Amino acid sequence: MSRYALTISLFAIFACTASAANWKTTEEICDAYGSYNCVFATADDSGSVTVHYQPKAGCEALDGCYYTNNKCYSNSTHETTWGNMASHFIAVAGNSSVHDECKTKTTEATCPSGTCFWDGTDSTCNGSFDSWVAHGTSANAPEAMMGYLKVSLTSSRTCSPLNTNSTCNANKVCMWAKTISYPSGYCYLTEEAAIGFMASACPTEAGYGASVMNITLAEAQAIVAVSQAGDVTRGALLFAAFTALLVLGV
Ligand SMILES: *[C@@H]1O[C@H](CO)[C@@H](O)[C@H](O)[C@H]1NC(C)=O
Ligand SMILES: *[C@@H]1O[C@H](CO)[C@@H](O)[C@H](O)[C@H]1NC(C)=O
Ligand SMILES: *[C@@H]1O[C@H](CO)[C@@H](O)[C@H](O)[C@H]1NC(C)=O
Ligand SMILES: *[C@@H]1O[C@H](CO)[C@@H](O)[C@H](O)[C@H]1NC(C)=O
Ligand SMILES: *[C@@H]1O[C@H](CO)[C@@H](O)[C@H](O)[C@H]1NC(C)=O
């Protein structure tokens, strides 16, 4: 399974959980998140991708990145930590009883809206964005962990189900991109949205990302704070989770 698939369908990996008692610290989570601010990509309307590297100074300042051969790359240790964040969440917060209840429903008609989510491609319904966020809040997840949760859930609940370039690009938190794993295109969360979700808890790392993306933290936060309907023009959008994979191919 490709690395970014972990972010796209994070709640498919319950089985990988281990016993653990405590949340990672904000610093640990932000260092891991930093590994997604080393290299970025933008895509045009057709999904063709352009890669953008974090400049040397920012790259060397981020624990999650390293600079070599005049380019910035993700540190695999921190990248793995970020990729395994969903398992960490389940290990500490436990499974969501709401989600477990949702998963017993196998038709759209019986999948309750609000608490549950039906994307039309899975055989079961799932816990909704709101119910997972409520689960994290009640488990006292640190703000950075909640940021991760919102990044992952928005990716899987909002963007992934949009399976055409036009419906995907009409949503300002999503972007259509042709990648190594999806040569004909896939709907990803934009990096601006990821920056917006992480900006408050990890302002240093998000700030380096925002600088490459030519956006302020406040602008990135505004993208995710308001309606996710496609009501603004899509800017230079990025997708954190698979940029490292892209770089392997360039
Ligand atoms: C919904 O749950 C199923 C079963 O646990 C899982 O395979 C699937 O990836 C989930 N879908 C989303 C969008 O989380
Ligand atoms: C979007 O996808 C459709 C169907 O594959 C294609 O005809 C159209 O050219 C695409 N739009 C752009 C801007 O590439
Ligand atoms: C990646 O991060 C780990 C943990 O901080 C560190 O030990 C390692 O040296 C880093 N690797 C690179 C290539 O910077
Ligand atoms: C969560 O549920 C899965 C099965 O859906 C189980 O394998 C796993 O052990 C559970 N994890 C925890 C921490 O309860
Ligand atoms: C940000 O702006 C600079 C200068 O105009 C440009 O070279 C760069 O490609 C832009 N970054 C993105 C992600 O569009």
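Below is a summary of the structure that appears in this document. (Residues numbered from 1 in each chain as written. Chains lettered and ligands numbered in written order. Predicted model: local features only at pLDDT ≥ 70, side-chain atom pairs only at ≥ 80, totals over all residues. Heavy atoms only, no water.)

**A look at the overall build of the protein**
Right, so step 1: Broken down by element type, the protein carries 13 helices and 8 strands.
Right, so step 2: Counting across all 250 residues of the protein, residues that qualify as buried make up 51%.
Right, so step 3: Considering only residue pairs separated by 6 or more positions, the protein has 65% of its internal contacts joining residues 24 or more positions apart.
Right, so step 4: Surface summary for the protein: the accessible area is close to 10800 Å², and the carbon and sulfur share equals 51%. (Helix = DSSP H or I, 4+ residues; strand = E, 2+ residues; numbered from the N terminus. Buried < 20%, exposed > 50% of the residue type's maximum accessible area, 1.4 Å probe, protein only. Contact = heavy atoms within 4.5 Å. Areas by Shrake-Rupley, 256 points an atom, 1.4 Å probe, with all protein chains shown as cover.)

**Quick look at the site of ligand 3**
Right, so step 1: Taken together, Y66, N75 and H78 make up the full set of residues adjacent to ligand 3.
Right, so step 2: Here an oxygen atom of ligand 3 sits 2.4 Å away from a polar atom, N or O, in the side chain of N75.
Right, so step 3: Contacts to ligand 3 include H78, whose side-chain N or O atom sits 3.2 Å from an oxygen atom.
Right, so step 4: When ligand 3 sits alone it has 370 Å² of accessible area, and the protein chains cover 38% of it. (Near = heavy atom within 4 Å. Polar contact = N/O pair within 3.5 Å; in protein donor to acceptor, adjacent residues only side chain to side chain.)

**Focus on the nonpolar core**
Right, so step 1: By size, the foremost hydrophobic cluster in this structure holds 46 residues, and its most contacted members are W82, F89, M145 and V173.
Right, so step 2: No other element matches the 8 residues that helix α8 (residues 143-159) contributes to this core.
Right, so step 3: Residues within four places of W82 in sequence aside, it is in contact with I29, A32, Y33, S35, Y36, Y148 and M198. (Core = buried A, V, L, I, M, F, W, Y, C linked by side-chain atoms within 4.5 Å.)

**Notes on the pairing of strand β7 (residues 174-177)**
Right, so step 1: Going residue by residue along β7, you find C174 and W176 tucked away on one face and M175 and A177 tucked away on the opposite face as well.
Right, so step 2: Two elements, β7 and strand β8 (residues 186-189), share 4 bridges in a ladder whose sense is antiparallel. Each bridged residue has a counterpart across the sheet, and for A177 the counterpart in β8 is Y186. (Pairing = 2+ DSSP bridges.)

**A closer look at the state of the cysteines**
Right, so step 1: In the structure shown here, the tally under the stated rule is 6 disulfides.
Right, so step 2: The disulfide partner of C38 is C65, and the S-S distance across this bridge is 2.0 Å. Taking the sign of the S-S torsion, about -90° here, the bridge from C38 to C65 comes out left-handed. Of this pair, C38 sits in the loop between α2 (26-34) and β1 (39-43) while C65 sits in strand β3 (residues 65-68), and the two are 27 residues apart along the sequence.
Right, so step 3: The class of C65 is buried, set by a relative accessible area of 8%.
Right, so step 4: Indicated for the protein is the disulfide connectivity 1-12, 2-4, 3-5, 6-7, 8-10, 9-11, based on numbering the bonded cysteines in sequence order. (Disulfide = S-S within 2.5 Å.)

**Description of the packing of aromatic side chains**
Right, so step 1: Throughout the structure, instances matching the rule amount to 9 aromatic pairs.
Right, so step 2: Put simply, the rings of Y33, Y36, W82 and Y148 pair up and form one aromatic cluster. (Phe/Tyr/Trp six-rings, centres within 6.5 Å; stacked < 30°, edge-to-face > 60°.)

**Some points on the pairing of β1**
Right, so step 1: Of all 5 residues making up β1, 5 are buried, and the element is well covered by its neighbours.
Right, so step 2: Alternating positions in β1 separate into two faces, V39, A41 and A43 on one and F40 and T42 on the other, with burial throughout.
Right, so step 3: As defined by bridge partners, β1 adjoins strand β2 (residues 49-53) across 5 bridges and the pair is classed as antiparallel. Paired with T42 across the two strands is T50, which belongs to β2.
Right, so step 4: The antiparallel hairpin formed by β1 and β2 contains 5 residues in its connecting segment, where G47 sits at a positive phi of about 100°.

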